[in-house]
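Residues per chain, in single letters:
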Amino acid sequence: MGCERAVNTGSSNVARTRELTRGLIPDVEWAVFEPLIEKINELKRRRNAVILAHNYQTPEIFHGVADLTGDSLALAQQAQRSDADVIVMCGVFFMAETAKVLNPGRTVLIPDLEAGCSLADSITGADVRALRARHPGVPVVTYVNTSAEVKAESDICCTSANAVEVVESLGSERVIFVPDRYLAGYVAANTDVEILPWDGRCEVHEQFTAQQVRAYREQFPGVVVIAHPECRGEVLDAADVVGSTAAMVRYVRDHRPRRVAMITECSMADNVAAEFPDMELVRPCTVCPYMKRITLSGIVEALEKVQYRVEVPPEIAERARRSVEMMLAVGRGGGR
Ligand code: 13P
Ligand code: SF4
């Protein structure tokens, strides 16, 4: 998980996925999934396509058809290195746009155009220009959960894995940080750089509360609570570990806690449970409705009809690419 693996191609993979997800996917659902997985694997070969899947994708996609998986940063890194003719992004639209920005000459597909993001919807390029006018000379750091147009107006991008490092890489006393107000708060708590935030929020992570974390601790003694930095500050304060989705997996792999609660999107815990069957996972379940637009049948259609093609106007793509490449040069932060 959270890493590259051999290209998923054949029926041995269906058997492996079925074994991995035993206990997560009932047999009756397998009867539907199996032919779709086989069809996708055949279409991938025919199109010379690669499937990138975010950690929030459902187990049959994540373990069944993805060639490369991970957090937003890993997906951008893998997209940069891809030599496939077609990239299918199983994630949300901004992730597909980032892949296109990094691969202007390749076909990038997203299986469903409604796979958006409340953070990406919270800010426009005009908003960033207005912020610059209000704070002349202050650099703009933009979370990748934004449109290419917003990235094009920014100095540099970041993900939840490297936000602090990116902010500090600029050597500025103050930075404008958009659009996630909670991630901005997390960065502000971990750096001396003054952070000027925007008021965007993730509608999924915003639902978690510190009261919920306390209730888990009471009911599940010894539980290690890992929270995503898109959560409210009170949740981050109540957690044991804060990190990107890849950092969550790394923590579990390195520390092998007996009991874990992952304060993030539902499928994350399912995908981790498949990999670490002996670990007890407390599963706060909040679904990202955008991530869940992606389905096996949607991926079949995407590969059959070569849809939906993601395009970014060249002059926006060029400026957005600069911001994304600057972020990739900073790389992954210290274990986040
Ligand atoms: P990660 O980069 O940590 O995977 O987060 C992406 C995201 O959209 C979380 O809501
Ligand atoms: Fe956007 Fe939140 Fe969904 Fe991530 S979980 S894609 S930030 S709405």
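Structure: above.
Residues numbered from 1 in each chain as written. Chains lettered and ligands numbered in written order. Predicted model: local features only at pLDDT ≥ 70, side-chain atom pairs only at ≥ 80, totals over all residues. Heavy atoms only, no water.

Draft legend 1. Focus on empty space enclosed by the protein. According to the stated counting rule, one finds two cavities of 30 Å³ or more in the structure shown. Of the voids in this model, the largest cavity is the one considered here, and its volume is about 250 Å³. Together, 26 residues line the largest cavity, and Y56, N145, H205, E230 and M291 are the ones closest to its centre. Sorting the residues of the lining of the second largest cavity by element identifies α4 (72–81) and α5 (93–102) as the ones contributing at least two each. A class-by-class count of the residues in the lining of the second largest cavity yields six nonpolar, two polar and no charged. (1 Å grid on protein atoms, 1.4 Å probe; cavity = no way out; pocket = protein on both sides within 12 Å on 5 of 7 lines; lining within 4 Å. Points joined across faces, edges and corners; volume = space filled by probe spheres on them. Helix = DSSP H or I, 4+ residues; strand = E, 2+ residues; numbered from the N terminus. Nonpolar A, V, L, I, M, F, W, Y, C, P; charged D, E, K, R; others polar.)

Draft legend 2. Focus on the sheet that holds strand β9 (residues 224–227). Spatially, the four strands line up as an open sheet ordered β10-β9-β11-β12, and their pairing is parallel. Looking at strand neighbours, the two that pair on one side only are β10 (241–242) and β12 (280–282), the edges of this open sheet. (Pairing = 2+ DSSP bridges.)

Draft legend 3. Expanded view of the packing of aromatic side chains. With the rule as written, the count across this model stands at one aromatic pair. Geometrically, the ring pair formed by W30 and F33 is edge-to-face, given 6.3 Å between the ring centres and 80° between the ring planes. Linking W30 with F33, this pair stays in helix α2 (residues 27–47), spanning three residues, or about one helical turn. Here W30 falls in the buried class, since its relative accessible area comes to 1%. Given a relative accessible area of 13%, F33 falls into the buried group. (Phe/Tyr/Trp six-rings, centres within 6.5 Å; stacked < 30°, edge-to-face > 60°. Buried < 20%, exposed > 50% of the residue type's maximum accessible area, 1.4 Å probe, protein only.)

Draft legend 4. Spatial organisation of the packing of α2 against helix α14 (residues 296–305). With their axes 9 Å apart at the nearest point, α2 and α14 run at an angle of 25° to one another. When the axis of α2 is compared with that of α14, the two are roughly parallel. In this structure, α2 crosses over α14, and the sense of that crossing is left-handed. Taken together, the residues of α14 that come into contact with α2 (itself represented by F33, L36, I37, K39, I40, L43, K44 and R47) are L296, S297, I299, V300, L303 and E304. Across the contact of α2 with α14, the residue classes tally to nine nonpolar, one polar and four charged. (Axes fitted to C-alpha atoms, helices over the stretch in contact; angles between N-to-C directions. Parallel < 35°, antiparallel > 145°, perpendicular 65-115°, else oblique. Left-handed = near helix turned anticlockwise from the far one by under 90°. Contact = heavy atoms within 4.5 Å.)

Draft legend 5. Structural view of the nonpolar core. F177, M262, I263, V272, I299 and M327 are the most contacted members of the largest nonpolar core, which has 105 residues in total. Setting aside residues up to four positions removed in sequence, I299 forms contacts with I40, I51, I61, V65, C90, P111 and I294. Judged by nonpolar contacts, the second largest core, of nine residues, contains V128, V138, V140 and V178. (Core = buried A, V, L, I, M, F, W, Y, C linked by side-chain atoms within 4.5 Å.)

Draft legend 6. Structural detail: the site of ligand 2. Neighbouring residues of ligand 2: Y56, V92, C117, S118, L119, N145, C202, V204, H205, E230, C288 and Y290. Among the cavities detected, the one that contains ligand 2 is the largest cavity. (Near = heavy atom within 4 Å. Sits in = over half its atoms within 2 Å of the grid points.)

Draft legend 7. Broad picture of the sheet that holds strand β7 (residues 174–178). Read across the open sheet, the four strands follow the order β6-β5-β7-β8; overall the sheet is parallel. A strand with exactly one partner marks an edge of an open sheet, and here the two such strands are β6 (156–158) and β8 (194–197). Strand-to-strand, the axes of this sheet are offset by a mean angle of 35°, without reference to chain direction.

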